[in-house]
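This is what each chain is made of:
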Amino acid sequence: MSTTLSKEDWLATLVGMDTTSRNSNMGLIETVRDALSAQGVDCWLTTDEKGAKANLFATLPAADGQTQGGVALSGHTDVVPVDGQDWNSDPFVLSPSKDRFYGRGTCDMKGFIATAMALVPEFLQQNRKKPIHLAFSYDEEVGCAGAPFMLRELQKRNQKIDGCVVGEPTGMRVVVAHKGINLFTCRVHGKAAHSSLTPFGCNAIEHAARLICHIRDLADHYRDTGPYDKHYDVAYSTITTNKIQGGIAVNTIPGECQFNYEFRNLPGMPGEQIQAKIQEYVNNELLPRMQKEFPDARIDISADASAPPLEASEQAAITELVRALTQDKETRKVAYGTEAGLFQELGIPTIVCGPGMIEQAHKPDEFVEFSQLNDCENFLRKLSASL
Ligand SMILES: [Zn+2]
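Since the model is a prediction, treat every value here as computed from it, not as a measurement.

Calculation notes
Residues numbered from 1 in each chain as written. Predicted model: local features only at pLDDT ≥ 70, side-chain atom pairs only at ≥ 80, totals over all residues. Heavy atoms only, no water. Helix = DSSP H or I, 4+ residues; strand = E, 2+ residues; numbered from the N terminus. Rg over C-alpha atoms; globule rule 2.2 N^0.38 Å. Contact = heavy atoms within 4.5 Å. Areas by Shrake-Rupley, 256 points an atom, 1.4 Å probe, with all protein chains shown as cover. Lys, Arg positive; Asp, Glu negative; His and termini not counted. Charge placed at Lys NZ, Arg CZ, Asp CG, Glu CD. Buried < 20%, exposed > 50% of the residue type's maximum accessible area, 1.4 Å probe, protein only. Arc of directions from axis to C-beta. Domains from an automatic or database assignment. Buried area = accessible area lost by both parts, 1.4 Å probe. Salt bridge = Lys/Arg side-chain N within 4 Å of Asp/Glu carboxyl O. Polar contact = N/O pair within 3.5 Å; in protein donor to acceptor, adjacent residues only side chain to side chain. Core = buried A, V, L, I, M, F, W, Y, C linked by side-chain atoms within 4.5 Å. Donors = N, O, S within 2.8 Å, 3.2 Å for Na, K, Ca; no water. Tetrahedral: all angles 85-135°; square planar, octahedral: opposite > 155°, others 65-115°. Axes fitted to C-alpha atoms, helices over the stretch in contact; angles between N-to-C directions. Parallel < 35°, antiparallel > 145°, perpendicular 65-115°, else oblique. Left-handed = near helix turned anticlockwise from the far one by under 90°. Nonpolar A, V, L, I, M, F, W, Y, C, P; charged D, E, K, R; others polar. Phe/Tyr/Trp six-rings, centres within 6.5 Å; stacked < 30°, edge-to-face > 60°. Lys NZ or Arg CZ within 6 Å of the ring centre and 35° of its normal.

### Topic: the overall build of the protein chain
Across its full length, the protein chain carries nine helices and 18 strands. Its C-alpha atoms give the protein chain a radius of gyration of 23 Å, within 12% of the compact-globule value 21 Å for 387 residues. The contacts of the protein chain with a sequence gap of at least 6 include a subset with a gap of at least 24, amounting to 80%. Total accessible area computed for the protein chain in this model is approximately 17000 Å², and 49% of it derives from carbon and sulfur atoms. Taken together, the 37 basic and 50 acidic charged side chains of the protein chain have centroids lying 2 Å from each other.

Given below as structure tokens:
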């Protein structure tokens, strides 16, 4: 493959690879790695246990060869599924139409990665005092599961980064804060019995329902009492149960019930605090009640994934730089999570700014406007020139 593709060519290449989170992203990562190494840029990968998915980290050194400090451009390579969605074009073939590119991931967030990759030859020619890093992750869409492996390796390698831009879709405007996201699976183990013999069973669905209602009460409590931050479209922390399975027949008391809940916490409100309240109810009220019916009853809650909230400092150099480059002074905080909080947690000042609108993400006929990619290209060019 030619190493000097346009951002449109890169976008077509990236969209053409179905990197739905359940699939391997290795094809995409290898394509990016090969293009970078053809230009003399070294990368390192961090993979999942099976070696089926990888994060890629690459450093484009400063003019004097310096690889420490500088700015990281962060993007996730996975996309959400198209299952059950009604698309007007093949979601894995880039389809230009009027002023837009259609395709899964065009907006969230292969548009950003494509633009960054297309600029690599230019970045390499610039007389920069500081390096630029590319940090491309896997499994962001399933709870930022991949990036922590890359970040741990960054620490191990003692790689310093002065600031990070996460290119999630913000319409190329500056997002300085977002909520945290925490995903859980709860498995309620009761005892099955013939439904004519209710006293001999322990109904897992009914006890799960109690916990779900308790979770809803807790959500209402945060809605009614705060804490609040009016800069968010939803100004308080939210908790919601989104999936449930249980029961095997209409005349059998269900022995098992499983459900998934999530909460999205405001910065400054630790996720552990919310989970502790849920666990307290399970330990002190629900489980003792279940065990009266069936001594071996159990409720197991596992944390599937979590990503911390982001609260960027206005004084951080990266915030000031991106605000200056985008001419955007507004305080914008969003409810969706990104990997930005993970970088911030490592002590790397981070903000979110990327092409496309979040409203188009995850939907059928996802698209990004040409003008957004052009704005992104200009922004990254100026960003690099300022280093
Ligand atoms: Zn995304």
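### Regarding helix α1 (residues 7-15)
For α1, every residue scored as buried is listed here: K7, W10, L11, L14 and V15. Each buried residue of α1 lies within a common arc of 125° when the element is viewed along its axis, so the set occupies one face.

### Side note on the domain arrangement of the protein chain
You can read the domains of the protein chain as domain 1 (7-177 + 308-385) and domain 2 (181-306). Relative placement of domain 1 and domain 2: their C-alpha centres are 35 Å apart. Contact with domain 1, which involves 13 residues of that partner, is made by eleven residues of domain 2. Between domain 1 and domain 2, roughly 990 Å² of surface is buried when both sides are summed, and carbon and sulfur atoms account for 58% of that area. When the buried area of domain 1 at its contact with domain 2 is split by residue, P309, K333 and A335 rank highest and sum to 47% of it. Across the pair K333 and D229 runs a salt bridge, and its minimum N-O distance is 2.8 Å. Summed over the shared surface of domain 1 and domain 2, the number is one residue pair in polar contact (both at pLDDT 80 or more). Counting residues per element, the ones that place at least two in the side of domain 1 that touches domain 2 are β15 (310-311) and β16 (333-334).

### Description of the nonpolar core
Ranked by size, the top nonpolar core spans 52 residues in total, and within it L73, M117, L134, V165 and L380 carry the most contacts. When residues of this core are traced back to their parent elements, those giving at least two are α1, α2 (26-38), β2 (54-60), β3 (71-76), α3 (106-125), β6 (132-137), α7 (317-326) and α9 (370-385). Among the elements that take part in this core, α3 stands out by supplying ten residues, more than any other. Apart from the residues within four sequence positions on either side, M117 is in contact with W10, V32, A35, L36, L134 and F136. In this structure, C186, C202, L218 and M269 belong to the second largest nonpolar core, which totals 27 residues.

### Considering the coordination of the zinc ion
For the zinc ion, every protein donor is listed as H76 (NE2), D108 (OD), E168 (OE) and E168 (OE), and the spread of their distances is 1.9 to 2.6 Å. Each of the four donor atoms bound to the zinc ion contributes to angles spanning 54 to 138°, and the resulting shape is irregular.

### Observations concerning the packing of α3 against α9
For the pair α3 and α9, interaxial distance at closest approach is 10 Å and the crossing angle is 45°. By the criterion of interaxial angle, the relationship of α3 to α9 is oblique. Where α3 crosses over α9, the handedness of that crossing is right-handed. Facing G111, F112, T115, A116, L119, E122 and F123 of α3, the residues of α9 in contact are L373, C376, E377, L380, R381 and S384. A breakdown of the residues in the contact of α3 with α9 according to their chemical character gives seven nonpolar, three polar and three charged.

### Some words on the environment of R323
Note that R323 resides in helix α7. The class of R323 is buried, set by a relative accessible area of 6%. Remark: the alpha-carbon pair of R323 and I351, spanning 28 residues in sequence, is separated by 9.9 Å. Once you skip the residues sitting within four places of it in the chain, R323 turns out to touch V174, V176, E314, D328, K329, E330 and T331.

### A look at the packing of aromatic side chains
Evaluation of the coordinates by the stated rule reveals seven aromatic pairs. Between Y228 and Y236, the ring centres sit 6.3 Å apart and the planes meet at 85°, which makes this aromatic pair edge-to-face. Ring centres 6.1 Å apart and planes at 35° place the aromatic pair F259 and Y261 in the tilted group. Y261 matches F259 in its accessibility class, with the two residues each being buried. Taken together, the ring pairs connect F184, F259, Y261 and F263 into an aromatic cluster. A cation over a ring is seen here: R100 above F367, with NZ or CZ 3.8 Å from the ring centre. The residue whose ring lies beneath R152 is F149, and the NZ or CZ to ring-centre distance is 5.1 Å.

### Here's the deal with the environment of E256
Summarising the element assignment, E256 is placed in strand β13 (residues 256-264). Along the primary structure E256 and V322 are separated by 66 residues, whereas in three dimensions their C-alpha atoms are 51 Å apart. Of the polar contacts made by the side chain of E256, one reaches the side chain of H189; its length is 2.6 Å.

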